Amino acid sequence: MKLRVLGALVLATMLGATGCGDDNGNPNPVPPQADGGSGPDGGQDGGDEDGGDDGGDDGGDDDGGDDDDGGDDGDGGDDGGDDDGGTDGGDDGGTVQEPITIQFPQLDGWKFHGTQHGGPKTVMGVTADEGGNIWVAGGTEGLFLLRAGSSTYEKFTMADGLRPYGYMADGSAPPGDPYLDVISVSGGPAGTVFVGYRGKAPKAGQRDCESNFDKSPSDPSVYKSGDADRVTLTGTGIRVVHYDISMGPGVNVEHYPQGREKLCHILRILYDRTTQSVWFGGNHGFARGDAQFAGNPTCNGQLHCSGVQEHTHPMVNGGDYKEQLLTDAYYGLATDAIGDLWAGGANRSTRFKYVTLGDFWAAQEDTEGFGPGEDYNKLDVWADAVPEYATTDQRVDDLVSGMAVVHGNVWVSSFAYGLSQLDPDTGAAIRYLGTPTLQFETVGSLAGDESDGSLWVGYNWLGGVTRIRGGSAQHFLGEEVSPELFNSPVPDVQVRTPTSSVSRRFVMVAFKGYTRRDGTVVPGAVGVYSGN
């Protein structure tokens, strides 16, 4: 193992977007902002003024970002009515209303589940395990389960064992009030799901969960918040193993003698059966977990017992001032046939050669190259005017929202710029897709369907879902079919491939929900497509 060494003062850079929105209160999307997040893994990752964590998912007040980030640091769109205090897609006048009940359309190949089936008011993500059980990230309400063959959801919270916080050195819970916000899910073996959490917002005068650990006053309930769990069904409930995504004391004596806590918002999570990995796409960077980790509450972040390898990022030099490094919001995660990871963030993407180069640390070297003559593996999909040291005026931040590898083809989506196909060997952009193939270029989620090589595209603030197959686009759920679903952000699309327990592939679509300008709350929903 070799950890890179780099000292870096990290400063924040802010993106903004303007727009007026539609009649349902959905604003034009504000992409996740580019945070001056970090330097390489062995270096000093968080300077004195990193501007806070802006990998939060909904851009709301409770996502852990501080005042420097402009208040909108997440998924590039409205909050869709999430209960965490974010913008809700419209001015509700300060009143709290119960959500309406969506009358779902009757469409060939589709089934829909919503609050009338016991589902959450806000749907952040949806997945299925190898047994065909559907799991839903329900934000602050918790984790929801629709067992195969059932029509009613079950709900799990901290009372059932969910653990959206890490361990103190002695294995105890952090002091202070815990915070639950389930924002990402990935199905594992039958009866198992991997769950990503949002970190807890800081109190006034505190730094966010990315910077809180080494800034005074620090708060363990903030810097140990978030991370991820493996949740497995038992005969009486669930069994939970927590991934404490941190580095313990003494692991990097030169730069982090006391350890470090950086990743807290797990924006995307991905189980890879081939390598038995679980990949965490977060604020600031991404990390790997051992999918079969048994848990170790008293490990205290030591490499041999934590079940985690953290973290890395294809950061890039900014040009507005000296030693400005940009990295943030890794919503793009996809593995190829051999198990290498394609990861994309707000500024750069990478083919993380976990299998090709043999281990996490060798792949980190390849992704984070900084020295003269090194082979950089930092992909600028929507190119800046110059590859390094671009000023704000020269930058076109990619704002990656998803990645997919299907039939060997690599695709990346953006909260602002549509889709791009990448060369699977070099990572270079081959072509771009926008309107009119897409309904809008503000894409919030992306999945590939190996059954036919198609792409499934979910839009970030309205537009329903598009399937791109054989060079043509098919749009589902237009406004005339279901205005409630058409106007909902789609933060996640996933495909369940056939298994010994699942005879036919099916596609799952997360409709987040939102609030109209008149205060009407349209709840989230899940769409399941099993047609051809």
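This text goes with the structure placed above it.
What this report covers is the structure whose coordinates are included nearby. (Residues numbered from 1 in each chain as written. Predicted model: local features only at pLDDT ≥ 70, side-chain atom pairs only at ≥ 80, totals over all residues. Heavy atoms only, no water.)

**Let's talk about the packing of aromatic side chains**
Under the criterion given, the structure shown has 25 aromatic pairs. For the ring pair Phe194 and Tyr271, a centre distance of 5.3 Å and an interplane angle of 15 degrees mean the geometry is stacked. In this pair, Phe194 sits in strand 7 (residues 192–197) while Tyr271 sits in strand 10 (residues 266–272), placing the two residues 77 residues apart along the sequence. We note that Phe194, like Tyr271, is buried. Relative to Tyr354, the ring of Trp279 lies with its centre 5.4 Å away and its plane at 85 degrees, an arrangement referred to as edge-to-face. Taken together, the residues Trp279 in strand 11 (residues 277–282) and Tyr354 in the loop between strand 18 (349–352) and helix 2 (360–367) connect sequence positions 75 residues apart. Across the pair, Tyr354 and Trp279 agree in class, each one buried. (Phe/Tyr/Trp six-rings, centres within 6.5 Å; stacked < 30°, edge-to-face > 60°. Helix = DSSP H or I, 4+ residues; strand = E, 2+ residues; numbered from the N terminus. Buried < 20%, exposed > 50% of the residue type's maximum accessible area, 1.4 Å probe, protein only.)

**Some points on the state of the cysteines**
Two cysteines joined by a covalent bond between their sulfur atoms form a disulfide. One pass over the full model with this rule turns up 2 disulfides. For Cys209, the disulfide goes to Cys264, at an S-S distance of 2.1 Å. In this structure the cystine formed by Cys209 and Cys264 twists about its S-S bond by roughly 65 degrees; its chirality is therefore right-handed. Separated by 55 residues along the polypeptide, Cys209 in the loop between strand 7 and helix 1 (220–223) and Cys264 in the loop between strand 9 (238–243) and strand 10 bring together distant segments of the chain. Put simply, Cys299 and Cys305 are joined by a disulfide, and their sulfur atoms are 2.0 Å apart. (Disulfide = S-S within 2.5 Å.)

**Looking at the nonpolar core**
Counting 23 residues, the largest nonpolar core has Trp135, Leu143, Phe156, Leu162, Val195 and Val231 as its most contacted members. For this core, the secondary structure elements donating two or more residues are strand 3 (134–137), strand 4 (143–146), strand 6 (182–187), strand 7 and strand 8 (228–233). Leaving out residues up to four positions away in the same chain, Val231 has contacts with Trp135, Leu143, Leu162, Gly191, Thr192, Val193, Val195, Ile238, Arg239 and Val240. (Core = buried A, V, L, I, M, F, W, Y, C linked by side-chain atoms within 4.5 Å. Contact = heavy atoms within 4.5 Å.)

**A word on the sheet that holds strand 16 (residues 332–335)**
With respect to topology, 3 strands assemble into an open sheet ordered 16-17-18, the strand pairing being antiparallel. Among the strands making up the open sheet, the edge pair consists of strand 16 and strand 18. If you compare each strand with its neighbour and ignore which way they point, the axes differ by 10 degrees on average. Pairing of strand 17 (residues 341–344) with strand 18 involves 4 bridges; the strand directions are antiparallel. In the sheet register, Leu341 faces strand 18, and the bridge partner there is Phe352. (Pairing = 2+ DSSP bridges. Axes fitted to C-alpha atoms, helices over the stretch in contact; angles between N-to-C directions.)

**A closer look at the pattern of salt bridges**
Throughout the structure, instances matching the rule amount to 16 salt bridges. Asp181 is the salt-bridge partner of Arg198, the closest N and O atoms lying 2.6 Å from each other. Taken as a pair, Arg198 in the loop between strand 7 and helix 1 and Asp181 in the loop between strand 5 (154–156) and strand 6 lie far apart in primary sequence, 17 residues in all. The exposure class of Arg198 is buried, given its relative accessible area of 0%. (Salt bridge = Lys/Arg side-chain N within 4 Å of Asp/Glu carboxyl O.)

**Quick notes on the side chain of Asn377**
With respect to the helices and strands, Asn377 occurs in the loop between helix 2 and strand 19 (400–406). A polar contact of 2.5 Å, which involves the side chain of Asn377, links it to the backbone oxygen of Arg351. (Polar contact = N/O pair within 3.5 Å; in protein donor to acceptor, adjacent residues only side chain to side chain.)

**So, the pairing of strand 2 (residues 125–128)**
The alternating pattern of strand 2 places Gly125 and Thr127 and Val126 and Ala128 on opposite faces, both of which are buried. In this sheet, strand 3 lies alongside strand 2 in antiparallel orientation, the contact comprising 4 bridges. Of the residues in strand 3, the one forming a bridge with Thr127 is Trp135. In this antiparallel pair of consecutive strands, strand 2 and strand 3, the connection spans 5 residues, and Gly132 shows a positive phi of 90 degrees.

**Some words on the sheet that holds strand 26 (residues 472–476)**
The 4 strands are arranged 23-24-25-26 in an open sheet whose pairing can be described as antiparallel. Unpaired on one side and paired on the other, strand 23 (443–449) and strand 26 mark the two borders of the sheet. Strand-to-strand twist of the sheet, defined as the mean angle between neighbouring strand axes without regard to direction, takes the value 20 degrees. Where strand 25 (residues 465–469) and strand 26 come together, 5 bridges link them in antiparallel fashion. Residue pairing for strand 26: Arg469 is matched across the bridge by Ser472.

**Quick word on the environment of Gly187**
Here Gly187 lies in strand 6. Along the chain, Gly187 and Arg496 lie 309 residues apart, while their C-alpha atoms are 8.6 Å from each other. In contact with Gly187, not counting residues within four places along its chain, are Thr127, Ala128, Asp129, Thr192, Val193 and Tyr271.

**With respect to unusual backbone geometry**
Geometrically, the link from Glu310 to His311 is a cis peptide bond, its omega value of -20 degrees lying close to zero. With respect to the helices and strands, His311 occurs in strand 13 (residues 308–312). Residue Pro436 is bonded to the preceding Thr435 through a cis peptide linkage, with omega at 10 degrees. Summarising the element assignment, Pro436 is placed in the loop between strand 22 (429–433) and strand 23. In this structure, Gln276 takes a positive phi of about 50 degrees despite not being glycine. Within the secondary structure layout, Gln276 lies in the loop between strand 10 and strand 11. Residue class for Gln276 comes out partly exposed when judged on its relative accessible area of 22%. Look at Leu477: it is not a glycine, yet its phi comes out positive at around 60 degrees. With respect to the helices and strands, the residue Leu477 is situated in the loop between strand 26 and helix 3 (483–486).

**Side note on the side chain of Arg260**
Of note, Arg260 is situated in the loop between strand 9 and strand 10. Arg260 gets classed as buried once you look at its relative accessible area, which sits at 1%.

**Observations regarding the environment of His475**
Structurally, His475 can be placed in strand 26. Residues His475 and Gly464, spaced 11 residues apart in sequence, show a C-alpha to C-alpha distance of 7.4 Å. Those residues in contact with His475, other than ones at most four positions away along the chain, are Pro436, Thr437, Leu438, Gln439, Tyr459, Val465 and Thr466.

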